[in-house]
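Okay, here's what each chain looks like letter by letter:
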Amino acid sequence: GAVVSQHPSWVICKSGTSVKIECRSLDFQATTMFWYRQFPKQSLMLMATSNEGSKATYEQGVEKDKFLINHASLTLSTLTVTSAHPEDSSFYICSASPTGGLGVSSYEQYFGPGTRLTVT
Amino acid sequence: DAKTTQPTSMDCAEGRAANLPCNHSTISGNEYVYWYRQIHSQGPQYIIHGLKNNETNEMASLIITEDRKSSTLILPHATLRDTAVYYCIVRVLQGAQKLVFGQGTRLTINP
């Protein structure tokens, strides 16, 4: 149980185009999902916290108009990289916290396999 | 969350025990120690967590010092597939919350 998937697993796009990455919790509902970015040989850096039915909370320095997050259902959050540029090339990883009793998120967090974005 | 410090890299021979240290000297009383690992180009994988008692599961053992200022993750019989970056994180167990990843330890298991 507790599987999180991401789609696509890798994508190559041209500079200036937009790319959407999906994060799905396959066997549980997740009120809260997180989006991380990881550059080569670096650690994971949190980009934003996504809450179902409300606006995402972005970390300092992350442009909310460039990285659009939508969490329209309890099993799906999407990250859209708008007007992508080569410096946006990175490994994007999502995680999800199961919704517990009374709709409150559990402290557990399950990670997706990641999406490698290459912008040419 | 409290910060953690880990060695940048470690090597271990296949079949031997790998002992990965982590310092968390500013840990609070209600913060747990969590360990994740990340195999190349994959998402992080949960390994184990503990508060103050030593813990063991099918993957590893976690030894936490009595003052809780440091801990050691032990992989009892390391295999080549254990080559990964290991992250030590301290956090409270209170609803969904972001995880702050440090640089971790790059563990290489040598044949």
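Heads up: the structure comes first, above all this text.
As a starting point, this report considers the structure included with it.

Conventions adopted
- Residues numbered from 1 in each chain as written.
- Chains lettered and ligands numbered in written order.
- Predicted model: local features only at pLDDT ≥ 70, side-chain atom pairs only at ≥ 80, totals over all residues.
- Heavy atoms only, no water.
- Contact = heavy atoms within 4.5 Å.
- Buried area = accessible area lost by both parts, 1.4 Å probe.
- Salt bridge = Lys/Arg side-chain N within 4 Å of Asp/Glu carboxyl O.
- Polar contact = N/O pair within 3.5 Å; in protein donor to acceptor, adjacent residues only side chain to side chain.
- Helix = DSSP H or I, 4+ residues; strand = E, 2+ residues; numbered from the N terminus.
- Nonpolar A, V, L, I, M, F, W, Y, C, P; charged D, E, K, R; others polar.
- Buried < 20%, exposed > 50% of the residue type's maximum accessible area, 1.4 Å probe, protein only.
- Pairing = 2+ DSSP bridges.

### Quick word on the interface of chain B and chain A
Across the boundary between the two partners, chain B contributes 20 residues, which contact 22 residues of chain A. In total, about 1500 Å² of surface goes out of reach between chain B and chain A, with carbon and sulfur atoms giving 54% of it. As a salt-bridge pair, K98 of chain B and E59 of chain A come within 3.0 Å of each other at their nearest N and O atoms. The interface formed by chain B and chain A contains six residue pairs in polar contact (both at pLDDT 80 or more). Of all the secondary structure elements, the ones that give two or more residues to the side of chain B that touches chain A are β3 (31-38) and β8 (84-92) of chain B. Among the elements that make up the side of chain B that touches chain A, the one with the highest residue count is β3 of chain B (three residues). The class makeup of the residues in the side of chain B that touches chain A is eight nonpolar, nine polar and three charged.

### Structural notes on the pairing of strand β4 (residues 30-38) of chain A
All names here are of chain A. Taking burial as the measure, the nine residues of β4 include nine buried ones, the bulk of the element. With eight bridges joining them, β4 and strand β9 (residues 90-98) adopt antiparallel strand pairing. Within β9, the residue paired with Q38 across the bridge is F91. Note: β4 against strand β5 (residues 45-51), six bridges, orientation antiparallel. In the sheet register, W35 faces β5, and the bridge partner there is A48. Here β4 folds back onto β5 in antiparallel fashion, the turn holding six residues, of which K41 has a positive phi close to 60 degrees.

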